[in-house]
Structure formats: structure tokens, C-alpha cells
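Structure assessment
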Amino acid sequence: MSNNETLFARAQRSTPGGVNSPVRAFRSVGGTPRFITHADGASFWDADGKRYIDYIGSWGPAIVGHAHPDVVKAVQEAAARGLSFGAPTEGEILMAEEICRIVPSIEQVRLVSSGTEAAMSALRLARGATGRDLVIKFEGCYHGHADSMLVKAGSGLLTFGNPTSSGVPEDFAKHTMVLDYNNPTQLDEVFKKMGNQVAAVIVEPVAGNMNLLPATPEFLKAMRDLCSQYGALLLFDEVMSGFRVALGGAQSLYGIQPDMTVLGKVIGGGLPVAAFGGRADLMKHLAPLGPVYQAGTLSGNPVAVAAGMATLKIIQKPGFYENLTKQTRKLIDGLSAQAAASGIAFCGNAVGGMFGIYFKDKIPTNYTEMMTCNKDLFNQFFHAMLDEGVYLAPSAFEAGFVSAAHDDAVIEQTISIAKKAFAKLSK
Ligand code: KE4
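Residues numbered from 1 in each chain as written. Predicted model: local features only at pLDDT ≥ 70, side-chain atom pairs only at ≥ 80, totals over all residues. Heavy atoms only, no water.

Next up on the list: helix H10 (residues 302-315). With 14 residues, H10 should reach 20 Å at 1.5 Å per residue; the first-to-last C-alpha distance of 20 Å fits that figure. Where H10 is concerned, the buried positions are Pro302, Val303, Ala304, Val305, Ala306, Ala307, Gly308, Ala310, Thr311, Leu312, Ile314 and Ile315. Looking at the buried side of H10, the elements it contacts are helix H2 (69-79), helix H3 (90-102), strand S4 (108-112) and helix H11 (320-341). Capping of H10 at its N-terminal end is provided by asparagine 301; its side-chain oxygen lies 3.0 Å from the backbone amide nitrogen of valine 303. (Helix = DSSP H or I, 4+ residues; strand = E, 2+ residues; numbered from the N terminus. Expected span 1.5 Å × (residues − 1). Buried < 20%, exposed > 50% of the residue type's maximum accessible area, 1.4 Å probe, protein only. Contact = heavy atoms within 4.5 Å. Polar contact = N/O pair within 3.5 Å; in protein donor to acceptor, adjacent residues only side chain to side chain.)

As a further point, take the pairing of strand S13 (residues 260-263). Burial of S13 is two-sided: the residues Met260 and Val262 facing one way and the residues Thr261 and Leu263 facing the other way are all buried. Pairing of S13 with strand S14 (residues 274-278) involves four bridges; the strand directions are antiparallel. Paired with valine 262 across the two strands is phenylalanine 276, which belongs to S14. (Pairing = 2+ DSSP bridges.)

With that settled, the discussion passes to the domain arrangement of the chain. Here the chain is described as being made up of domain 1 (3-67 + 318-425) and domain 2 (69-315). Spacing between the C-alpha centres of domain 1 and domain 2 amounts to 26 Å. The interface of domain 1 with domain 2 comprises 30 residues on the first partner and 30 residues on the second. Taking both sides of the interface into account, the surface hidden between domain 1 and domain 2 amounts to around 2,400 Å²; carbon and sulfur atoms contribute 65%. A per-residue breakdown of the area domain 1 buries against domain 2 is headed by Tyr321, Met354 and Tyr367, which together make up 26% of the total. (Domains from an automatic or database assignment. Buried area = accessible area lost by both parts, 1.4 Å probe.)

Strands sit in the order S15-S16-S18 across an open sheet of three strands; the sheet is antiparallel. The open sheet has two free edges, formed respectively by strand S15 (347-351) and strand S18 (400-401), since each of these has just one partner strand. In this sheet, S18 lies alongside strand S16 (residues 354-358) in antiparallel orientation, the contact comprising two bridges. The residue of S18 that forms the bridge with phenylalanine 355 is glycine 400. Running over the sheet, H11 touches S15 and S16 and is turned about 175 degrees from S15. (Axes fitted to C-alpha atoms, helices over the stretch in contact; angles between N-to-C directions.)

Structural data, given as C-alpha cells:
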């Protein structure tokens, strides 16, 4: 047995599925999860001492590369001053000011410890500020595991959602409506019928939880206009796209101003920091100022904030995003060329430092098209790459992530490994 297999067997005795987050269990791709011992730059190593080029980067946070010396130093210095105080610190002010400066739609921001917590709190605030209950989300988008977000589309257009998870009461799901991503006509139809009941529309403006699927500009513009017209709030969930597709996130690429934004991942640099923020007139409803309660023991944790601030400093260096975008595009173009040479139906897409690969002849533009990607071919490709030391997201329906440490040598090595992997695929 490999050390990974031994560790996985042992882990399953004390933790459900042997993991602390389901996607890590490799259930979508099969096989044994790799237990990581350490990471550096674009790579990490498993319990058998094998090196991998890492394309998940902790699902986004490791944008400057693993164990970046400036980030490690900031964490060490902060930790030496104490790990957590349960009292305000200057570092939290500096991070809040930095977020408000980088994302102009955010006038005030509250720090929390996970994307789930940030999205859940933002939705509660939207309901408290509008006095309305109904929330609209879109199929394929993921906003963390709060009860009201674990909902799938109802049977008919105007029927309310049904839980996707056991343990979520029907009553919780009925205030969530699930519509089609990139379908502005349907959204318009729903708003015409019940727009004045909608507290908020929450969307991943560049979706990454059904694989990479960018919103069309028309979709986001319709959303913005309808929310403004009917007094609903537009929430951009930029936990994944924030500081990833561009410094200012997807909202800076599309030029659309949401009422609130949910952030996470990159702003913690790998430690637990997430945030929600937006118009000051909305944020004033939050405790201790207003009646919408929200709290957290480790919110704004000084060591996590230190990691985040060090990361935000690095990503603001001149040329950071130009380079990240160039390297990500180089990866996608190289993989596509190798797939074509092998006669495999494959295509790829990229937005900034985020990418999607699809075993399909054209880039999907909605959830239905995404679901027709060849999952079996992806799984074969995933393992052929993993065996040769390239670690992709362990699911055909997740996005991939490039870091500043993915230089030309790393990208070229990945592409040459992919050439062999494509050749192995059964057509
Ligand atoms: P967390 O609670 O996992 O910090 O954030 C939830 C979340 C919210 N919104 C978006 C757009 C997200 O992508 C996420 C989390 N993303 C997943 C990746 N598919 C995290 C990986 C995992 O669940 O282990």
C-alpha cells in the first residue's frame, strides 16, 4: 500500500469520507486522494514523496504560489505577536480599507472566516435590508453550504426550490428560486411576475463551480437593470473570481456595479479570511449598528489577515495580472493543440488566472451544455496527468487555477505531459 492509501484508510476511520471537504475525496474521478506534505511555488508533494504541478492552488488562494517567502514571513511575525485576541486590531482596518480601495462598489466590508459564512451573511443582510424573503440563484452556481443555498430548481419556472441536501427543510428551500445561468429572458419573465418580492439575486459573475463558465454581458446587465427596477439587491459572489480574473474581480471586467460583493480565497492567501461588503446604506443594517445579526470568534483573525495583506501586496505589483493571464492562456492553448493533434474533442477557456477544460467540441455557454462534456474522458485524462505529476481539479465540473509561480518551464512541462495523456485516451 502507498502512504496515500494507508493515510486514506486511516483517515476514514476518524473523519467521514476521510476528508474535511467532500471534493477532496476524489469520488468524482475515482482513485486515492493524495495526502499533501508540503508545497512550494507551483508544486506540492504527496505522502509518497511525489511532486505534482498544482493547478488547484487550494481552490484559488495560492495565487502568488505556495509558501511565498513574503507571505510566510508576515504570518510568522503576526503569529509571534499572538494568534487571536477577540478584540479589534489595526490590521483589520488596513484590510478593510484595501478591499474598499480595490473594489470601488464596496463602501464598507465585514470580514468573516469562510466564503459560506460571507455569502450566508450577505443574504441575511439583503433580506433584512429589503424586508423581502425571496432569493434567486442560478443552476450550477455554488455559494457555500448555507441551507438556503443548497437548493435546486423547482419543477416549473415559478415554483420555488427543492433542497439538494438532506437536512435542509422544505421550508428553508421555498424562499430560494433557481433559474438558468446566462438566460436573461427567463430572468426578465420571473421579475415581471414577482420582482417586487425579490430580496436579492446572487450570482457568480464568472462561474467556477460547474467548471469555468463566464456570464454573458447581456445576462449581467439584465440582472443589474431588473434588480434596480424592482428594488432587489444584486449580490456578486466573487469568492472565486475576486482578485483572480482581475485585480478588481469580474465586476471590473464587466463594468457592472453590484450592491454587495462576497469575497474569499485570495484575500486570505491560504488562511481563513472571507468578506462581504457593499453600499454603506446596506451595511449599516448590520449589528452592532442595526438589526441584522452576524458575528464570528475568529473574524478578522490577525494571523490570517497578515497572510491576506501580504498576498494583496504582491498581486498589486505592476504586470502581475498581465503575466497571470498570459501564462493561463499559454496553458490552455498548449493543451488544445495537443488534444487536436490526438484527435480528441477538447477545448479550453480562461479568464485571468482561472481556466476550464472541456472534453467537448465547443466551449459550453450554459449549464445544460456543460453537462454534456465527456466526464469519462476527463476522468481518464485526470489520472493520466496525475500519474505523470500534474494535479488538476479532481472533477470534470471544477475550474483550474494558475499562480504567479507557473512560469514557462512549468507550463511547457505540463503541456508535454498532456501530449502523452491525450495519446492514452480511448476515443
Ligand atoms: P468556502 O466556504 O468553501 O470558503 O467558500 C464557499 C464558496 C462560495 N462561493 C464560491 C463562488 C465558491 O467557489 C466557494 C467555494 N469553492 C469551492 C470550489 N468549488 C471550495 C472547495 C471545497 O468545497 O472544498
